[in-house]
Amino acid sequence: MKNILLICLFALSLNGFSQNKKTANLETITLGGGCYWCVEAVYENLDGVKSVVSGFSGGKVANPTYEEVCTGTTGHAEVVQITYDKNVTDINEIFKVFFTVHDPTTLNRQGADVGTQYRSVIFYKNEEQKKAAQSIIAELNKAKVYNSPIVTKVEPFTKFYKAEDYHQNYYANNKNQPYCKMVIQPKIEKFEKVFKDKLKKK
């Protein structure tokens, strides 16, 4: 009986070790690149990304609603919180996608979406993320990849508020909506073309 109990305890400890190892490989980054429906839809297709949650960061009001953020008075940016497996993708690739699928040179706007809630921003959680963000911005500016300087802010992460449920997986649930067809679909197509070797297997 004791032997069976020891075997069970050993098996449970191995399972716990395996779970901890998996968790240790996961990291989270919070990015704002205009409408979060667009950014979410792109990262959902990147291999190594485990989850993408749309929400708000960088403001001064607790638990803001979408309507409140849309007024531009709460100080929040529309963001996505991305959890990814560092064994499959890395922070540099996350940033490469970010700077490919949105315009980081337009202050407080992306296309027709205008306001501080649509600003380009990276909320870093550690020094590695901060340095990687600063490095890629410096490289892109030096190479003059864009016609204008990058205005993306690099700020320490403080708080993330999840957006209402109907904002989650918005593109997947509303592909026939005009905004999805005209704005989001072209971004996905660009992403799939540039990062064709990095797409999730379907």
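Each value, and the rule that gives it
- Residues numbered from 1 in each chain as written.
- Predicted model: local features only at pLDDT ≥ 70, side-chain atom pairs only at ≥ 80, totals over all residues.
- Heavy atoms only, no water.
- Helix = DSSP H or I, 4+ residues; strand = E, 2+ residues; numbered from the N terminus.
- Buried < 20%, exposed > 50% of the residue type's maximum accessible area, 1.4 Å probe, protein only.
- Contact = heavy atoms within 4.5 Å.
- Areas by Shrake-Rupley, 256 points an atom, 1.4 Å probe, with all protein chains shown as cover.
- Salt bridge = Lys/Arg side-chain N within 4 Å of Asp/Glu carboxyl O.
- Pairing = 2+ DSSP bridges.
- Axes fitted to C-alpha atoms, helices over the stretch in contact; angles between N-to-C directions.
- Expected span 1.5 Å × (residues − 1).
- Arc of directions from axis to C-beta.
- Polar contact = N/O pair within 3.5 Å; in protein donor to acceptor, adjacent residues only side chain to side chain.
- UniProt positions renumbered as here; feature names shortened; annotations may be inferred.

A.B. asks: How should the overall build of the chain be read in this particular structure?
C.D. replies: Summing up its helical and strand segments, the chain has seven helices and eight strands in all. Expressed as a percentage of its 202 residues, the buried residues of the chain come to 42%. Sequence separation of 24 or more characterises 77% of the internal contacts of the chain that already satisfy a separation of 6 or more. Of the accessible surface of the chain, which amounts to about 11,500 Å², a share of 55% is contributed by carbon and sulfur atoms.

A.B. asks: Would you mind showing me how to read the pattern of salt bridges here?
C.D. replies: Side-chain pairs of opposite charge can arise where the charged atoms are in close proximity. Following the criterion strictly, the structure yields two salt bridges and no others. Glu 27 is the salt-bridge partner of Lys 86, the closest N and O atoms lying 4.0 Å from each other. Taken together, the residues span a long stretch of sequence, with Lys 86 in the loop between β3 (77–85) and α4 (91–101) and Glu 27 in strand β1 (residues 26–33) at a distance of 59 residues. Judged by its relative accessible area of 40%, Lys 86 is partly exposed. The salt bridge partner of Lys 198 is Glu 93, with a shortest N-O separation of 3.4 Å.

A.B. asks: Would you explain the sheet that holds β3 in this entry?
C.D. replies: Where strands meet in a sheet, backbone hydrogen bonds hold them as pairs that are either parallel or antiparallel. Spatially, six strands are ordered β7-β6-β1-β3-β2-β8 in an open sheet, and the strand pairing comes out mixed. The open sheet terminates on both sides in strands that have one partner only, identified here as β7 (153–156) and β8 (160–162). Direction aside, the axes of adjacent strands within the sheet are offset by 35° on average. With eight bridges joining them, strand β2 (residues 49–57) and β3 adopt antiparallel strand pairing. Note on β3: the bridge partner recorded for Val 53 is Gln 81.

A.B. asks: What am I meant to see in helix α5 (residues 127–142) here?
C.D. replies: For the α-helix, the turn length of 3.6 residues means that residues three or four positions removed from each other point alike. Across its 16 residues, α5 extends 22 Å between first and last C-alpha, which sits within 8% of the 22 Å expected from 1.5 Å per residue. Every buried residue of α5 is listed here: Gln 129, Ala 132, Ala 133, Ile 136, Ile 137 and Leu 140. The arc that holds every buried residue of α5, seen down its axis, measures 125°, which confines them to one face. Away from its buried face by more than 90 degrees, α5 exposes Lys 131, Glu 139 and Lys 142.

A.B. asks: Honestly, the side chain of His 167 in this entry has me stumped. Any pointers?
C.D. replies: By the element assignment, His 167 lies in the loop between β8 and α6 (170–173). At a separation of 3.3 Å, a polar atom in the side chain of His 167 contacts the side chain of Tyr 36. Only 3.1 Å separates the side chain of His 167 from the side chain of Tyr 166, close enough to count as a polar contact. Each residue touching His 167, except ones within four places of it in the same chain, is listed here: Tyr 36, Trp 37, Glu 40, Ser 54 and Tyr 66.

A.B. asks: Looking at this structure, I do not really get unusual backbone geometry. What am I missing?
C.D. replies: Keep in mind that most residues, glycine aside, have a negative phi and that most peptide bonds are trans. One non-glycine residue, Asn 108, adopts positive backbone phi at about 55°. Judged by relative accessible area, which is 22%, Asn 108 ranks as partly exposed. Positive phi outside glycine occurs at Asn 169, with the angle close to 55°.

A.B. asks: Explain the UniProt feature "active site" (unreviewed entry) in the chain here, please?
C.D. replies: UniProt's feature table lists "active site" (unreviewed entry) at Cys 35, given in the numbering used throughout. The topology assignment puts Cys 35 in the loop between β1 and α2 (36–43). Take Cys 35: its relative accessible area is 7%, and that puts it in the buried class. Aside from chain neighbours lying at most four places away, what touches Cys 35 is Glu 78, Asp 113, Tyr 118 and Tyr 179.

A.B. asks: How do you make sense of the environment of Val 61 when you look at a structure like this?
C.D. replies: Its location among the elements puts Val 61 in the loop between β2 and α3 (66–70). Residues Val 61 and His 76 lie 15 residues apart in sequence; the distance between their C-alpha atoms is 8.1 Å. Leaving out residues up to four positions away in the same chain, Val 61 has contacts with Thr 74, His 76 and Tyr 161.

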